[in-house]
Amino acid sequence: MARDTKFEVGQIHEERIHIDAELVERFAAFSGDVNPLHVDPTAAREYGFARPVAHGVILVAVLSRLIGTE
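Residues numbered from 1 in each chain as written. Predicted model: local features only at pLDDT ≥ 70, side-chain atom pairs only at ≥ 80, totals over all residues. Heavy atoms only, no water.

Novice: Honestly, the packing of aromatic side chains in this entry has me stumped. Any pointers?
Specialist: Counted by the stated rule, this structure contains one aromatic pair. With a centroid separation of 6.3 Å and 55° between ring planes, the pair formed by Phe27 and Phe30 is classed as tilted. Here Phe27 and its partner Phe30 are both found in helix H1 (residues 21-31), three residues apart, which amounts to about one turn of the helix. (Phe/Tyr/Trp six-rings, centres within 6.5 Å; stacked < 30°, edge-to-face > 60°. Helix = DSSP H or I, 4+ residues; strand = E, 2+ residues; numbered from the N terminus.)

Take a look at the structure:
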């Protein structure tokens, strides 16, 4: 449960997360979003990326967790 905290102007929260291939694969399986850009290295290169691109909504989930628990 979230702590009873009030935000202050200028307040900063820093956290590092590691988004790796396993997390992307697990998210793809969970969400059903198996867009080749996210899960296929060859397709990602065809789109101009060096490797698959993580689902942007993973970052939204991290933000939601921070808001709800930090």
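Novice: Just checking my understanding: could you explain H1 for this structure?
Specialist: At 3.6 residues per turn, the α-helix brings residues three or four places apart onto the same side. Buried within H1 are the following residues: Val24, Phe27 and Ala28. Viewed end-on, H1 has its buried residues packed into an arc of 100°, placing them on one side of the element. Among the exposed residues of H1, those pointing more than 90 degrees away from its buried face are Glu25, Arg26, Ala29 and Phe30. Structurally, H1 contributes buried residues whose contacts are with helix H2 (36-39) and helix H4 (57-69). Immediately beyond the C-terminal end of H1, within one or two residues, lies Gly32, with a positive phi of roughly 80°. (Buried < 20%, exposed > 50% of the residue type's maximum accessible area, 1.4 Å probe, protein only. Arc of directions from axis to C-beta. Contact = heavy atoms within 4.5 Å.)

Novice: Mind showing me how you'd approach the layout of surface pockets here?
Specialist: A water-sized probe, rolled over the atoms, reveals where empty space remains. Considered as a void within the structure, the largest pocket measures approximately 230 Å³ in volume. In terms of lining, the largest pocket is formed by Ile19, Ala21, Val24, Glu25, His38, Val39, Arg51, Pro52, Val53 and Ala54. At the level of elements, H1 and H2 are the ones that each hand at least two residues to the lining of the largest pocket. The greatest single-element share of the lining of the largest pocket, amounting to three residues, is contributed by H1. Residue composition of the lining of the largest pocket, grouped by class: seven nonpolar, one polar and two charged. (1 Å grid on protein atoms, 1.4 Å probe; cavity = no way out; pocket = protein on both sides within 12 Å on 5 of 7 lines; lining within 4 Å. Points joined across faces, edges and corners; volume = space filled by probe spheres on them. Nonpolar A, V, L, I, M, F, W, Y, C, P; charged D, E, K, R; others polar.)

Novice: Sorry if this is basic, but what is going on with the pattern of salt bridges here?
Specialist: Pairing between side chains becomes possible if they bear opposite charge and their charged atoms approach one another. Taken as a whole and assessed by the stated rule, the structure comprises one salt bridge. Note that Arg65 is salt-bridged to Glu15, the shortest N-O span being 2.7 Å. Residue Arg65 is found in helix H4, and its partner Glu15 is found in the segment before H1; the two are separated by 50 residues along the sequence. (Salt bridge = Lys/Arg side-chain N within 4 Å of Asp/Glu carboxyl O.)

Novice: When you look at the environment of Val34 in this model, what are you seeing that I'm missing?
Specialist: Looking at the element boundaries, Val34 is found in the loop between H1 and H2. Expressed as a C-alpha distance, the spacing of Val34 and Ile12, which sit 22 residues apart in the sequence, is 35 Å. Aside from chain neighbours lying at most four places away, what touches Val34 is Ala28 and Val39.

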